[in-house]
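Each chain is listed here by its residues.
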Amino acid sequence: MKKYLNLTFLLLSLLISACSSQPKSEAWLTKETKVNLPKIDLNQDYHDQQLLTFKYNSQENSVITVVDIQNNQLKVMGLSTIGIRLFEIQYNGSEVKAKQYIFIKQLPPPEQVLSDIMLSILPTTSWQNVLPPNWQLVDKGLFRTLINDQKQTIINITYNKKVSTEIRKPIKIDHAIFGYQIAIKSME
């Protein structure tokens, strides 16, 4: 009996560790281009509860995210539209800790959600330090565009407010390479 109890405990430990991951602080901008995430260096806190509606391959799915930045620490919690916890991500500027509670194949991985949020929230200067040579993140009015070294648009981000000293909240993200769109509605 003790042998079966130990085996059960071992299997449960493996299952728990499989659901929790600690990837490096990296993000894929294209299928070939990976960058380190920039450090969060903001002089203000940020909180937003958002309804994200993903469109990918003619399918549409929604997830609620709660985004918090305090003391340059970022925390993102993903919930289903009925409130079931899907994932949680923490980023302290050097390490990403991600826990995926329920996998939904129609949604991007939590780390991709994190990089999209960071691309839309952090100042362009933070990103310019980690982008590949000759890549640009450009703010122009209500739009922010990530452009590669071939002058191709990779990501378009749309805001409802022009550039200011406050952290702007995005309302739409279009990823031209990965082929998905995210409509963002603040729930506050």
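Residue indices begin from 1 for each chain and proceed along its sequence in written order. The predicted nature of this model means local features are confined to residues of pLDDT at least 70 and side-chain atom pairs, given and counted, to a pLDDT of 80 or more, with totals for whole chains, interfaces and linings taken over all residues. Hydrogens are left out, water is left out, and the side-chain values use all remaining heavy atoms of the structure.

Colleague: What is the right way to read the pairing of strand β13 (residues 180-186) from this model?
Modeller: Regular strands show a simple pattern: their side chains alternate between the two faces of the sheet. Two strands are counted as paired when DSSP detects at least two bridges linking them. Helix numbers and strand numbers start at the N terminus; a helix is a DSSP run of H or I with at least 4 residues, a strand a run of E with at least 2. Across seven bridges, the pairing between strand β4 (residues 46-56) and β13 is antiparallel. Bridge pairing links leucine 52 to isoleucine 184 in β13. Where strand β12 (residues 170-175) and β13 come together, four bridges link them in antiparallel fashion. Residue pairing in the sheet places lysine 172 in a bridge with alanine 183 of β13. The loop that links β12 with its antiparallel partner β13 comprises four residues; one of these, glycine 179, has a positive phi angle of about 70 degrees.

Colleague: Explain the nonpolar core to me, please; I cannot follow it from the model alone.
Modeller: Generally speaking, nonpolar side chains in soluble globular proteins are found buried as a group. By nonpolar core is meant a set of buried Ala, Val, Leu, Ile, Met, Phe, Trp, Tyr and Cys residues that side-chain atoms within 4.5 Å join together. Burial classes follow relative accessibility: with a 1.4 Å probe on protein chains only, a residue under 20% of its type's maximum area counts as buried, one over 50% as exposed, and anything between as partly exposed. Counting residues in hydrophobic clusters, the biggest one holds 43 residues, and the most contacted among them are Leu74, Leu114, Met118 and Trp127. Looking at this core, the elements with two or more residues in it are β4, β5 (59-70), β6 (73-79), β7 (85-91), β8 (96-100), α2 (110-121), β11 (153-159) and β13. Looking at which element gives the most residues to this core, the answer is α2, with six residues. We call two residues in contact whenever any of their non-hydrogen atoms come within 4.5 Å of each other. Ignoring anything within four residues of it in the chain, the contact list for leucine 74 reads Ile40, Val67, Asp68, Ile69, Ile89, Gln90, Tyr91, Leu114 and Met118.

Colleague: Got a minute to help me understand a nonpolar patch on the surface in this structure?
Modeller: Within the patch definition used here, like charges are joined within 9 Å and nonpolar side chains (Val, Leu, Ile, Met, Phe, Trp, Tyr) within 5 Å, considering only residues with over 30% relative accessible area and no salt bridge. Accessibility throughout is a Shrake-Rupley quantity obtained with a 1.4 Å probe, and a residue counts as covered only by protein chains that appear here. Think of a salt bridge as a Lys or Arg side-chain nitrogen and an Asp or Glu carboxyl oxygen that are within 4 Å of each other. On the surface, a cluster of nonpolar side chains totalling about 390 Å² of accessible area is made up of Ile82, Ile84, Tyr101 and Ile102. For isoleucine 84, the location among the structural elements is in the loop between β6 and β7.

Colleague: Honestly, the environment of aspartate 174 in this entry has me stumped. Any pointers?
Modeller: Structurally, aspartate 174 is set in strand β12. Note on aspartate 174: relative accessible area 23%, which makes it partly exposed. As a C-alpha pair, aspartate 174 and lysine 55 span 119 residues in sequence and 9.6 Å in three-dimensional space. Ignoring any residue separated from it by four or fewer positions in sequence, one finds aspartate 174 in contact with Ile154, Ile155, Asn156, Tyr180 and Gln181.

The values are spatial; any link to function lies outside them.
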